[in-house]
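Each chain, letter by letter, is given below.
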Amino acid sequence: MSERISMSVERVDAREKIYGEALYIGDYRFEDMLFAKTVRSKVPRAKILNVKIPALPDGYFVVDRDDVPGKNRVKILVYDQPYFADGVVNYIGEPILLVVGPEREKVFEIARKVEVEYEEIPPILTIDDALSGKNQPIYGDDNCFVDYHYEKGNVKNAFANAETIVEGEYETGYQEHLYIEPQGVAAVFDGEKITIYGSMQCPYYIKRALAECLALDEKNVRVVQVTTGGAFGGKEEYPSLIAGQAAVAAMKTQKPVKLILDRTEDIMVSTKRHPSRTRYRAAIDADGKVIALDVDIIFDGGAYAGLSDVVLQRGMFSAAGVYNIPNISVHGRAVATNKVPTGAFRGFGAPQVFFAIERLFDKIASKLGENPVDLRLRHAISQGDFTATGGIMRQPVKIPEMVEKLEKMSDFRSKIGKSLPGDEPHIKRGYGLSLFFHGCGFTGNGENIIAAEAKLKKHSDGKVEILVANTEMGQGALTALRKIVAETLKIQFDDVIYELPDTDRVPDSGPTVASRTTMIVGGLLKKAAEEMRERWNEADEFEIMKKYHHPDYIRWNQETFEGDAYPTYSFGANVAEVDVDTITGEIAVRHIWAVFDVGITIDEVLMRGQAQGGVVQGTGYATIEVMEAQAGRLLQSTITDYTIPTTKDVPLVECAFIDNPYEYGPFGAKCAGELTLVGAAPAIAAAVENAIGREIVRIPIKPEEIIKKLD
Amino acid sequence: MNEFVYLPENLDEALEIRASTGAVPIAGGTDLMVRYRRGSGIPPQFDFPVVLIGKIDALRYIEVSADNIHIGSATTLTEIFMNEDVPQILKLAVGEMASPAIRNVATIGGNIGNASPAGDTLPPLYILDAKIVLKNLNGEREVPIEDFITGPGQTILRSDEIIYEVTIPIGNFDKIYYRKIGTRKALALSKVSFSAAVNYRGDVIDDMRFAFGAVAPVVIRSREIEGEFKNITFNELKNREGEIAQKYSPLINPIDDQRSTAEYRRKVSLRLLKFFIQNVI
């Protein structure tokens, strides 16, 4: 921590959250407010033949597709799932209608009495079913939301010249965000304008979706974020759906309507991380160099398109891992199944593919009889090399320094690749390494399309206000962006104002996703602050607005997926130490050492929080976070059965950061939040594999599977 | 649908309510309040009357008599865990249940009455030869725990009775062992549990008891099998490990559910038995 900006301050939202003073959407009360409860599909795929509504007492209403003034489809990337089922349902939990009324208990009772008559259609429930063409497709003709391919070099030739070919097939499961605060919004209509208050990441996504849903002019849709109790990507696209439902209800009833999901409901119906199946073939020449990769990636998108298109793209652009592979062919598909739609989740398609490529590299090492660390270092990408999509790795890559730092911290190199004794005879210990990156900001040309705008306003009392659409969801944006502005203007941290966004007050600085807030929006604010400093005495009150353009060096072809998929990359290296109990198959992740290159940290303590949280969330993903669907229904739908790590399950996490300033990031900062989750799963899987001497190709790694392997 | 919730002041009142209405007793509510929940902020709705007995002092005690330890049914898991006289094997199980907050309200009577195959106090209570004292207005009766629980959620509790007390014979074991395999290390339900208690003289086994949790409709303890392996030496026991496992095998009839598989439960319960025989004693 050599930079002044990295020195930590007390995060601005810590006290109100610790003291219980922060108000979440559940705490908000509006006069004459009505509560809403959603009636949902109980079957995975059906035509709705009839809906029988019980007699409604005075003041109680049913709200369905006939009440939508505009388009009954949520605008995400395409017009997607209906706000209210439009004659058919495609997953268990798909919303059909709302019951709204003044007493929540009564609303629930009425909702329970609504009877829906279905004519079931044979559902598509697995990736294999989705591609088999056996049942009528859910989406398009081929049942793929997207089907992409890109190639660099000449893969066919490389395989023809290969000395050795190594193949692997890898699978990852669902992951549920399990933010502590469930999804919730309130909608208030004043006869002309709708206002949405809620727990969210992307106020402008909601604003645009609602203008179309409600057939209102955008100026008559106002979206206000309230304190948000965790999100992890789960509040990127999903809140648009419930905001639309609540808004339609508010317009119909002319009363404020609050819609908050209960926990089990939230687990059942909100988005999840895409389950995946990835197949790799690696061509290796006589010198042991990996000369080509042939990759086939399939993501299970669930019943509706959602963000699957771009989630898959990020996965595909990660297919070479952190390695310099001259020839690569990547085929990616996101398939439709009659299950809950999958969507954005910290890492956004990359964790699945990094799990696969890192497992493949361990397999290649074992095939070649080489230490997995040496194999990785031999292939590690460096400055000036081409990325998988033929972009140029322009900034310095410090993988060797990161591995050296890990070695100093953990002394892992001599222990890796072996089954070591644990503290008791029936315990086996193993170590695993993972190397990974996260492409910073939106994938491809996304940042140029968003063209984020950020505003800085000088008030007459000398205070400076940040006006951006970016949200605090626990990650520390309120603190980090204030620090960037205060440090640039050389004013007190407390003299910078940054309220949670209200679309009537802030420009569209883009969504709070893709680890872009600090690097992209913070970068704009830094420029605005530099200009404000120059012009400080110009007036008592004035505003400066900055608009984002990619640095000039970036070239990208969205049609062929050629060029710089990201403006820059953050890197990570993890070592996991695990114990496996050979009697019960239980895995104890004891220790994770993690080194990250996020450019320059904007706040060392905030960054440590991100790093520890990301590693723990990745540990859960690899081990105990089991979520499986049977006949289209999620089996682990309660907080009891979907288990995330408790303090007793959390490994000791030791983090370190390598300075590697990025010219175009504020104070040298790159992306940080998502990166930290990506490496835990492949490192843990490698460690388990080494401990028990059996190949691990699937996460979560369940004791049930370990016991089968040990038997 | 009967929505009555009764709040008796004392045990007599509770027994009268039980006798006249058959209302289902609730103490900590950590099972029933969850099972009948409707939504946050809305009270659960039971389709039967309930009687709240968790605050009745006459049901909250831990006392020691000449031969027994007596635990009132509404004694919380925390109170049991903190008590010096409670047998260690029961405390080992209680210490791994749920979380401190849940243990502060959950009661031993509730765990017994709920009769879940995965109830974690049950295997130690089977091993300890615990008896359940049931009370109604006319008096009380005492039944061994394995006679009290007849199936998942099934007991012989009559509609006018309340679980009054758990009576545990005072005894000492030279070796105890408890292992719970949960979905995680805390706040977890059991996939499998294995409990064992042994007394020996020199290298001869006097008394050896095993109990398996979550692998059959009720906790598995077999006095018959235990009887066959008394008065043998440790070495003989280790040599006959396969035979013992084979005898327990037909009793172990687990299910597949959202937490684990029947195959895993079966294999791991026998693996733990063998591990205990070979490595722990």
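Quick caveat: nothing in here was measured; it's all calculated off a predicted structure.

Draft legend 1. Geometry of the overall build of chain B. Secondary structure summary: chain B contains 12 helices and 13 strands in total. For 281 residues, the compact-globule estimate of 2.2 N^0.38 gives 19 Å, and chain B sits close to it at 19 Å. By the burial criterion, 53% of the 281 residues in chain B qualify as buried. A fraction of 61% describes how many contacts in chain B between residues 6 or more apart in sequence connect residues 24 or more apart. Surface accessibility of chain B: about 12100 Å² in total, with carbon and sulfur atoms responsible for 49%. Both charge centroids of chain B, one from 32 positive and one from 36 negative side chains, sit 9 Å from each other.

Draft legend 2. Layout of the overall build of chain A. In terms of regular secondary structure, chain A is built from 18 helices and 29 strands. Over its C-alpha atoms chain A spans a radius of gyration of 25 Å, differing by no more than 12% from the 27 Å that the globule rule assigns to 711 residues. Projecting the C-alpha coordinates of chain A onto the three principal axes gives extents of approximately 75 × 70 × 50 Å. The buried share of chain A, reckoned over its 711 residues, is 64%. In chain A, 82 positive and 104 negative side-chain charges are present, and the distance between their average locations comes to 1 Å.

Draft legend 3. Spotlight on the state of the cysteines. All names here are of chain A. For the structure shown, the criterion picks out 1 disulfide over all chains. A sulfur-sulfur distance of 2.4 Å marks the disulfide that ties cysteine 440 to cysteine 671. What sets the handedness of the cysteine 440 and cysteine 671 disulfide is the S-S torsion sign, and at about -60° it is left-handed. Of this pair, cysteine 440 sits in the loop between strand 17 (427-439) and helix 12 (446-450) while cysteine 671 is found in the loop between strand 28 (652-657) and helix 16 (675-678), placing the two residues 231 residues apart along the sequence.

Draft legend 4. A look at the sheet that holds strand 8 (residues 164-172) of chain A. Residues and elements named next belong to chain A. Pairing within the open sheet is mixed, and its 6 strands lie in the order 7-15-14-13-8-29. Looking at the sheet topology across the chains shown, the edges are occupied by strand 7 (144-152) and strand 29 (698-699). Two elements, strand 14 (residues 290-300) and strand 15 (residues 327-335), share 9 bridges in a ladder whose sense is parallel. Bridge pairing in strand 15 places isoleucine 298 opposite arginine 333.

Draft legend 5. Quick peek at the domain arrangement of chain A. Residue and element names in this part refer to chain A. Considered domain by domain, chain A is made up of domain 1 (2-121 + 183-260), domain 2 (276-443 + 560-710) and domain 3 (446-547). Centre-to-centre, using C-alpha coordinates, domain 2 lies 33 Å away from domain 3. Between domain 2 and domain 3, the residue contacts involve 22 residues of the former and 21 residues of the latter. Between domain 2 and domain 3 the total buried area reaches about 1500 Å² when both faces are included, carbon and sulfur atoms providing 71% of it. The largest contributions to the domain 2 side of the interface with domain 3 come from Phe442, Pro666 and Phe667, which together make up 40% of the buried area. At the junction of domain 2 and domain 3, the tally comes to 1 salt bridge. With a shortest N-O distance of 2.8 Å, aspartate 603 and lysine 483 are connected by a salt bridge. Linking domain 2 with domain 3 are 6 residue pairs in polar contact (both at pLDDT 80 or more). The class makeup of the residues in the side of domain 2 that touches domain 3 is 11 nonpolar, 7 polar and 4 charged.

Draft legend 6. Layout of the packing of aromatic side chains. For the structure shown, the criterion picks out 35 aromatic pairs over all chains. Their ring planes at 35° and their centres at 5.2 Å tell us that Phe30(A) and Tyr197(A) sit as a pair that is tilted. Within this pair, whereas Phe30(A) is found in the loop between helix 1 (14-18) and strand 1 (34-40), its partner Tyr197(A) is found in strand 10 (residues 194-198), the two being separated by 167 residues in sequence. Both residues of the pair, Phe30(A) and Tyr197(A), count as buried. Geometry around Tyr179(A) places Lys235(A) over its ring, the cationic atom sitting 4.5 Å from the centre. Lying across the ring of Tyr264(B), Lys191(B) places its NZ or CZ 5.5 Å from the centre.

Draft legend 7. Inspection of the interface of chain A and chain B at higher detail. In this assembly, 31 residues from chain A lie in contact with 30 residues from chain B. Summing the contributions of chain A and of chain B, the shared interface buries around 2600 Å²; its carbon and sulfur component is 49%. The tally of links from chain A across to chain B stands at 7 salt bridges. The shortest N-O distance in the salt bridge between Glu704(A) and Lys191(B) comes to 3.1 Å. At the junction of chain A with chain B, the criterion picks out 17 residue pairs in polar contact (both at pLDDT 80 or more). The set of elements that each furnish at least two residues to the side of chain A that touches chain B consists of helix 2 (104-113) and helix 18 (703-710) of chain A. Residue composition of the side of chain A that touches chain B, by class: 10 nonpolar, 9 polar and 12 charged.

Definitions and limits used
Every chain's residues receive numbers from 1 upward, in the order its sequence appears when written. Labels follow written order: the first chain is A, the first ligand is 1, and so on. Per-residue local features of the predicted model are confined to residues with pLDDT of at least 70, and side-chain atom pairs are confined, for both listing and counting, to 80 or more; whole-chain, interface and lining totals are unaffected and use all residues. Hydrogens and waters are ignored; side-chain quantities use all the structure's heavy atoms. The way it works is that DSSP assigns letters per residue, a run of H or I at least four long becomes a helix, a run of E at least two long becomes a strand, and they are numbered from the N terminus. In this description the radius of gyration comes from C-alpha coordinates, and the expected globular size is given by 2.2 Å times residues to the power 0.38. Throughout, exposure labels follow a simple rule: accessible area from a 1.4 Å probe, protein chains only, divided by the maximum for the residue type, with under 20% read as buried, over 50% as exposed, and the rest as partly exposed. Contacts are assigned to residue pairs that have any heavy atoms within 4.5 Å of one another. We get accessible surface area from the Shrake-Rupley algorithm with a probe of 1.4 Å; when it comes to residues, only the shown protein chains can shield them. Charge convention: Lys and Arg are scored as positive, Asp and Glu as negative, and His as well as the terminal groups of each chain are ignored. Just so you know, the charge point we use is NZ for Lys, CZ for Arg, CG for Asp and CD for Glu. Cysteine sulfur atoms that come within 2.5 Å of each other are treated as a disulfide pair. For two strands to be treated as a pair, DSSP must find at least two bridges joining them. An automatic or database domain assignment supplies the residue ranges for each domain. Note: buried area is the sum, over both parts, of the accessible area (probe 1.4 Å) each one loses when the two are combined. Salt bridges, as used here, are contacts in which a Lys or Arg side-chain nitrogen is within 4 Å of a carboxyl oxygen on Asp or Glu. Polar contact is the term for a pair of N or O atoms within 3.5 Å; when the atoms are in protein, one must be able to donate a hydrogen and the other to accept it, and sequence-neighboring residues count only if both atoms are side-chain atoms. Charged residues are taken to be Asp, Glu, Lys and Arg, nonpolar residues to be Ala, Val, Leu, Ile, Met, Phe, Trp, Tyr, Cys and Pro, and polar residues to be all remaining types, Gly included. Centres within 6.5 Å are what make two rings of Phe, Tyr or Trp a pair, Trp counting through its six-membered ring; a difference in plane orientation under 30 degrees is then read as stacked, over 60 as edge-to-face, and the rest as tilted. Charges are assigned to positions over rings by a cutoff of 6 Å between ring centre and Lys NZ or Arg CZ, combined with an angular limit of 35 degrees from the ring normal.

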